[in-house]
Amino acid sequence: MKKLITAFVFILAITFSATAQDAKTVTLEQTKGEFTQKQLTLSEGDYVFHIANHNVGTEVGFVLIPEGADASDPKNHIKEAYVTKTVADGKTESSKTVSLKKGTYEYFCPLNKTPQYKLVVQ
């Protein structure tokens, strides 16, 4: 039984590792009041967002919503895109894996009071 549990855990670990490796990485940098990348075009697929704080002077985050959705309503936020913890000055934090379908999205940081920027998935 112990060997069976060990084998199951090993297979599960490999599955999670393979899934994480399939995700592409998108790195976005924030400076005071803005993202340095003003628009993104990506292909449909799985992504992990890395959010860098370049001397904003406060912790920052990341919110992704479908275009046209009410950004002030958290139910419209794509929760997997949130960084796992707020990003301190000089640091970078990551989101969970986000599956993006074709369409248009908007990203912004409510903590850094950035505008909403367009992300197009083709």
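Scroll up for the structure.
Residues numbered from 1 in each chain as written. Predicted model: local features only at pLDDT ≥ 70, side-chain atom pairs only at ≥ 80, totals over all residues. Heavy atoms only, no water.

Asker: Sorry, what's going on with the nonpolar core here?
Answerer: Soluble globular proteins tend to bury their nonpolar side chains together. Counting 24 residues, the largest nonpolar core has L28, F49, F62, L64, L100, Y107 and L119 as the members making the most contacts within it. For this core, the secondary structure elements donating two or more residues are β1 (24–31), β3 (39–42), β4 (45–53), β6 (92–100), β7 (103–108) and β8 (117–121). When neighbours within four sequence positions are excluded, F49 is seen to be in contact with V26, L28, F62, L64, E93, S94, S95, V98, L100 and L119. (Core = buried A, V, L, I, M, F, W, Y, C linked by side-chain atoms within 4.5 Å. Buried < 20%, exposed > 50% of the residue type's maximum accessible area, 1.4 Å probe, protein only. Helix = DSSP H or I, 4+ residues; strand = E, 2+ residues; numbered from the N terminus. Contact = heavy atoms within 4.5 Å.)

Asker: Before we go on, may I ask you to explain the pairing of β1 in this structure?
Answerer: On a regular strand, one side chain projects to one face of the sheet and the next to the other, so that they alternate. In this sheet, β4 lies alongside β1 in parallel orientation, the contact comprising seven bridges. Bridge pairing in β4 links Q30 to N53. Taken together, the two bridges between β1 and strand β2 (residues 34–35) define a ladder with antiparallel strand orientation. Within β2, the residue paired with T31 across the bridge is E34. Here β1 folds back onto β2, and the loop between the two strands holds two residues, one of which, G33, carries a positive phi near 80°. (Pairing = 2+ DSSP bridges.)

Asker: How should I be thinking about the environment of D22 in this particular structure?
Answerer: Positionally, D22 belongs in helix α1 (residues 2–22). With a relative accessible area of 58%, D22 lands in the exposed category. In this structure the C-alpha to C-alpha distance between D22 and G45, which are 23 residues apart in sequence, comes to 9.0 Å.

Asker: So what exactly am I meant to see when it comes to the pattern of salt bridges here?
Answerer: Oppositely charged side chains may form a pair once their charged atoms are brought near each other. Counted by the stated rule, this structure contains three salt bridges. A salt bridge links K38 to E34, with the shortest nitrogen-to-oxygen separation between them at 2.9 Å. For the salt bridge of D73 with K75, the shortest nitrogen-to-oxygen distance reads 3.9 Å. We classify D73 as partly exposed; its relative accessible area is 24%. (Salt bridge = Lys/Arg side-chain N within 4 Å of Asp/Glu carboxyl O.)

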